[in-house]
Amino acid sequence: MLFRSVKMELLNETQREGIYNITNVREALEQLANYLHMRRRLNETANADQTDDFKATFEKLKSIVQSELVNVENEDHDDLATCFTTLANCQVSMRNLAEALSSLQQAIAIREKHFDDQAKLALCLLYKGNVHLEMENYNEAIKAHQCALNLGSLDHQDTATIHCHLGMSYYALSDFIKSLNEHQRALELRKKHLGNHVLTATSLNQVGDVYFRMEKYDAAKEKFQSASDLMTVIYKREHVVTANALSNLGNVYLAMEKYKEAYDSCKQALNIRLKLLGEHEDTATSFHSLGSICFKMNDSRKAVWCFQKASELRQKLLGDHLDTALSYHCLGEAQMLKGDTIGPAASLQAAFRIRGNTLGLWNVDTVKTLELLRRAIEAVVHGGIGVALCDYILADIHFRSEYHTNLVLALKFCKEAVHTSMESLGENVLTADSLHLEGQIHKKMNDNQSAIEAFRKASRMKSNLLGDHENTADSFYCLGESHLDQGEYEAAVRAFQEAARIRSNIRGGGGGVELVESYRLAAFTRSEEHTSELQS
């Protein structure tokens with residue numbers, strides 16, 4: 001019925017042929033915006049026919065509004081600016097945030113040109129800041145919100161909202177002093193003008209959260225408790241804001257190592273969220289928090305159950321998200337504490353896959369998961385190819401990482417990879433790759449003799465397993481480099497010559513062959529010079 005009504009307005013309510021009444025267009029857009037807002041609040045999904053019908057109607061309205069820009073000088077400029085603002089509201093609901101910013105910029109340009117209503121201009125800037133905040137453009141959000149605030153023409157509620165959103169941006173930028181200042185201003189305004197209100201409780205929660213991040217736990221606890229008490233006074237029943245306050249209170253108690261109080265608060269938050277939200281991200285967060293508390297209390301059975309629920313729910317709602325990976329990691333850790341020998345490997349593999357794909361192998365959290373995964377596999381098979389592969393990856397990470405290079409640790413893992421791989425499968429590609437990596441580590445540590453030994457074994461093994469292959473050529477090339485650094489010129493010539501031969505066979509000349517050949521000639525020249533020196 002909504003779409004039919006909107007279409008009738010577009011078709012029938014015109015001033016003259018080909019020209020639409022901008023006031024009617026504004027009202028039609030407001031209907032669409034209200035519909036989208038309601039659907040979003042109810043978490044409803046439109047069917048395919050409704051979606052296509054809506055998009056066609058919305059695009060028609062958008063084209064009309066944009067065509068009216070040529071008439072921006074007329075008396076309808078206020079309606080036109082409002083149309084662009086409402087377009088932006090629809091685009092935000094449709095998650096077209098970049099388009100929403102463009103629409104808001106049009107509205108701002110019209111209002112700045114006429115400058116007849118500072119309050120409406122301030123609202124446009126407020127909305128612009130909100131969109132930037134949602135897009136995680138925090139500095140741009142601060143800029144827009146501060147401009148809105150500087151106009152000084154908003155009511156107390158919108159002013160409090162701006163201070164709240166400024167606090168959120170500064171919080172995301174880890175500027176906790178400024179964040180605290182903004183949230184406290186929002187709280188003061190809401191206490192003064194709203195009194196006992198859900199928004200006052202929300203501000204109490206936000207101030208408490210900043211104190212928590214600043215590790216001022218007593219102050220955080222006081223704010224969270226006040227938020228919880230206020231919600232009880234207002235509603236005298238369960239509410240999501242109450243759950244937020246209780247959840248935050250549980251986190252404070254956990255940080256203060258008051259596990260019984262933490263458990264009680266988080267359990268209350270979970271019960272409320274299960275009842276009011278059901279399968280929801282916040283419910284998953286409560287399961288995870290409760291698991292963390294149980295883990296600290298050495299109640300591995302409850303911890304496993306909570307982390308299992310959290311990981312399943314996050315996988316369903318978020319997919320391969322870092323929060324999902326965290327729950328899988330903690331689940332694996334709790335399963336190991338419980339003495340489970342089968343479950344941890346699967347949980348930690350899931351965490352490692354997500355963290356590796358999202359953060360990269362060299363990220364500290366990825367490395368932690370991999371080290372735990374290695375222990376889990378070792379507990380099951382007491383060695384084997386899985387452990388060897390983990391050792392190889394850990395060695396490579398500690399060797400190449402820009403942030404935490406540790407050559408001693410890299411060499412330790414690499415030698416274990418070689419040993420375990422040889423013990424499990426004998427000569428295989430993983431053993432050969434591990435030997436090659438061992439040579440690289442020795443070379444980096446300026447131990448050329450050990451590097452030569454490792455590269456010699458790697459090149460021989462790769463020749464047997466792979467034949468003329470790029471990896472084989474790499475090992476011969478590195479062997480040549482190590483001989484050259486050691487002053488063993490004839491051996492360097494032979495190694496470079498073999499690398500050049502393999503690459504020439506693979507590539508038919510070129511593609512790196514010339515570089516290897518130049519090294520061979522350099523080694524040969526040095527060999528000749530060395531021979532001449534000995535003879536003289």
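Computed from a predicted structure; not experimentally measured.

How each quantity is defined
Residues numbered from 1 in each chain as written. Predicted model: local features only at pLDDT ≥ 70, side-chain atom pairs only at ≥ 80, totals over all residues. Heavy atoms only, no water. Helix = DSSP H or I, 4+ residues; strand = E, 2+ residues; numbered from the N terminus. Buried < 20%, exposed > 50% of the residue type's maximum accessible area, 1.4 Å probe, protein only. Contact = heavy atoms within 4.5 Å. Areas by Shrake-Rupley, 256 points an atom, 1.4 Å probe, with all protein chains shown as cover. Patch = residues over 30% accessible without salt bridge, like charges linked within 9 Å, V, L, I, M, F, W, Y side chains within 5 Å. Salt bridge = Lys/Arg side-chain N within 4 Å of Asp/Glu carboxyl O. Core = buried A, V, L, I, M, F, W, Y, C linked by side-chain atoms within 4.5 Å. Phe/Tyr/Trp six-rings, centres within 6.5 Å; stacked < 30°, edge-to-face > 60°. Lys NZ or Arg CZ within 6 Å of the ring centre and 35° of its normal. Polar contact = N/O pair within 3.5 Å; in protein donor to acceptor, adjacent residues only side chain to side chain. Lys, Arg positive; Asp, Glu negative; His and termini not counted. Charge placed at Lys NZ, Arg CZ, Asp CG, Glu CD. Expected span 1.5 Å × (residues − 1).

### Here's the deal with the overall build of the protein
Moving on, step 1. When you go through the protein residue by residue, the secondary structure sums to 25 helices and 2 strands.
Moving on, step 2. Sorting the 536 residues of the protein into buried and exposed places 46% on the buried side.
Moving on, step 3. Taking the contacts inside the protein whose residues are at least 6 apart along the sequence as the reference set, 57% of them involve residues at least 24 apart.
Moving on, step 4. Accessible surface computed for the protein: about 26500 Å², of which carbon and sulfur atoms make up 49%.

### Some remarks on a nonpolar patch on the surface
Moving on, step 1. A contiguous nonpolar patch, built from Val429, Leu465 and Leu466 and spanning about 200 Å² of accessible area, is present on the exposed surface.
Moving on, step 2. Looking at the element boundaries, Leu466 is found in helix H22 (residues 448-466).

### Some words on the nonpolar core
Moving on, step 1. The biggest cluster of nonpolar side chains holds 38 residues, and the ones touching the most others in it are Leu290, Ile293 and Phe307.
Moving on, step 2. Looking at this core, the elements that each hand over two or more residues are helix H9 (176-193), helix H10 (198-213), helix H11 (217-235), helix H12 (240-255), helix H13 (259-276), helix H14 (281-296), helix H15 (300-318) and helix H16 (322-338).
Moving on, step 3. Residues in contact with Phe307, not counting those within four places in the same chain, are His288, Gly291, Ser292, Phe295, Ser327, Cys330, Leu331 and Ala334.

### Details of the environment of Asn130
Moving on, step 1. Positionally, Asn130 belongs in helix H6 (residues 118-134).
Moving on, step 2. Put simply, Asn130 and Ala144 are 14 residues apart on the chain and 8.6 Å apart in space, counted from C-alpha to C-alpha.
Moving on, step 3. Apart from the residues within four sequence positions on either side, Asn130 is in contact with His145 and His165.

### Things to note about the packing of aromatic side chains
Moving on, step 1. In total, this model carries 4 aromatic pairs according to the counting rule given.
Moving on, step 2. Centre to centre, the rings of Tyr171 and Phe176 are 5.6 Å apart; their planes meet at 70°, and the pair counts as edge-to-face.
Moving on, step 3. Between Phe212 and Tyr217 the ring centres are 5.7 Å apart and the planes differ by 55°, which places this aromatic pair in the tilted class.
Moving on, step 4. For Phe212, a relative accessible area of 22% corresponds to the partly exposed category.
Moving on, step 5. One residue, Lys412, lies across the ring of Phe413, its end atom 4.7 Å from the ring centre.
Moving on, step 6. Of note, Arg503 hangs over the ring of Tyr477, and the distance from its end group to the ring centre comes to 5.6 Å.

### Quick notes on the environment of Thr324
Moving on, step 1. One can find Thr324 in helix H16.
Moving on, step 2. Thr324 sits in the buried class, given a relative accessible area of 0%.
Moving on, step 3. Spatially, the C-alpha atoms of Thr324 and Arg314 are 5.2 Å apart, while their sequence positions differ by 10 residues.
Moving on, step 4. Of note is the side chain of Thr324, whose polar atom sits 3.5 Å from the backbone oxygen of Arg314.
Moving on, step 5. Looking at Thr324, its side chain comes within polar contact range of the main-chain oxygen of Gly319, at 2.8 Å.

### Looking at a positive patch on the surface
Moving on, step 1. On the surface, Lys267, Arg301, Lys302 and Lys338 cluster together to form a positively charged patch.
Moving on, step 2. Note that Arg301 resides in helix H15.
Moving on, step 3. Its relative accessible area of 55% is what places Arg301 among the exposed residues.

### Focus on the pattern of salt bridges
Moving on, step 1. One pass over the structure, following the stated rule, counts 22 salt bridges.
Moving on, step 2. With a closest N to O distance of 2.4 Å, Arg95 and Glu134 form a salt bridge. Of the two residues, Arg95 is situated in the loop between helix H4 (77-93) and helix H5 (97-114) and Glu134 in helix H6; the sequence distance between them amounts to 39 residues.
Moving on, step 3. Its relative accessible area of 41% is what places Arg95 among the partly exposed residues.
Moving on, step 4. Exposure remark for Glu134: the relative accessible area of 35% places this residue in the partly exposed category.
Moving on, step 5. Of the charged contacts, one joins Asp264 and Lys260 as a salt bridge, the two residues approaching to 2.7 Å between their closest N and O atoms. Taken together, the residues span about one helical turn, with Asp264 and Lys260 both in helix H13 at a distance of 4 residues.
Moving on, step 6. Taking relative accessible area as the criterion, Asp264 reaches 31% and is therefore assigned partly exposed.
Moving on, step 7. With a relative accessible area of 52%, Lys260 lands in the exposed category.
Moving on, step 8. One network of salt bridges, with partners in common, ties together Arg374, Asp391, Lys412 and Glu416.

### A few points about helix H21 (residues 429-444)
Moving on, step 1. Helix length check: H21 (16 residues) gives 23 Å between terminal C-alpha atoms against 22 Å at 1.5 Å per residue, within 8%.
Moving on, step 2. The set of residues buried in H21 consists of Leu430, Thr431, Ala432, Ser434, Leu435, His436, Leu437, Glu438, Gly439, Ile441 and His442.
Moving on, step 3. By the N-cap criterion, in which a side-chain oxygen at the helix start approaches the backbone nitrogen of a residue two or three places on, H21 is capped by Asn428, the distance to Leu430 being 2.9 Å.
Moving on, step 4. At the exit of H21 stands Asn446, carrying a positive phi of roughly 65°.

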